[in-house]
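Letter by letter, the chains look like this.
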Amino acid sequence: MQADEEIGKVAQATPTAVAKALECFMIALVSKGSLAAKEQNSKRVTATHLKKALLADPQFDFLKEICENVADDAGKRPKAKGDKGGSEESDIEEETGGPAKKAKKGGGKKRKTGDDSD
């Protein structure tokens, strides 16, 4: 805002207000997108789900022109050889190039050993 020559001085609270408005907008958009994903029994929110949410709500009419560029099947990938239904583990295998490993739970800070010579 301050870099734009057409805008004069910006009050100190203005960037905070704009950030909060953007946060509220994103919460509404992603919430509606997640509902669209749940309707399709999907575990991931894709651009297609967000598009569906935007087109369904008149509040987001100002974004319709942008949404038209998003393909309706953007979230669907062609199945790879040996893919048996797109489970999360097979998705991880495709991304990492190896078998999926389960993440360990209970992370946190490392405990100090008996050596206090720091």
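(A) Here's a closer look at the confidence of the model for the protein. Summarising the model, the protein shows a mean pLDDT of 74, and 59% of its residues fall at 70 or more. Within the protein, helix α1 (residues 14-39) carries the highest mean pLDDT (93), whereas helix α4 (residues 88-96) carries the lowest (45). Predicted confidence for residues 85-96 stays below pLDDT 50, and this span has 18 contacts to residues more than four positions away or in other chains.

(B) Representation of α1 within the structure. Taking 1.5 Å per residue, 26 residues should reach 38 Å; α1 reaches 38 Å between its end C-alpha atoms and fits that length. Regarding α1, the residues found buried are L29, G33, A36 and A37. Against the buried residues of α1 lie α2 (47-56). Just beyond α1, the residue with positive phi is N41, at close to 55°.

(C) Structural view of the packing of aromatic side chains. Considering all chains together, one arrives at two aromatic pairs under this definition. Here F25 and F60 contribute two aromatic rings whose centre-to-centre distance is 5.7 Å and whose plane-to-plane angle is 75°, an arrangement assigned as edge-to-face. Separated by 35 residues along the polypeptide, F25 in helix α1 and F60 in the loop between α2 and α3 (64-67) bring together distant segments of the chain. Residue F60 is classed as buried on the basis of its relative accessible area of 2%. Centre to centre, the rings of F25 and F62 are 6.4 Å apart; their planes meet at 45°, and the pair counts as tilted. One end of the pair, F25, is in helix α1; the other, F62, is in the loop between α2 and α3, and 37 residues separate them in sequence. By relative accessible area, F25 is classed as partly exposed at 25%. Cluster of aromatic residues (ring-pair linked, three or more members): F25, F60 and F62.

Cut-off values and rules
Residues numbered from 1 in each chain as written. Predicted model: local features only at pLDDT ≥ 70, side-chain atom pairs only at ≥ 80, totals over all residues. Heavy atoms only, no water. pLDDT = per-residue confidence, 0-100. Helix = DSSP H or I, 4+ residues; strand = E, 2+ residues; numbered from the N terminus. Contact = heavy atoms within 4.5 Å. Expected span 1.5 Å × (residues − 1). Buried < 20%, exposed > 50% of the residue type's maximum accessible area, 1.4 Å probe, protein only. Phe/Tyr/Trp six-rings, centres within 6.5 Å; stacked < 30°, edge-to-face > 60°.

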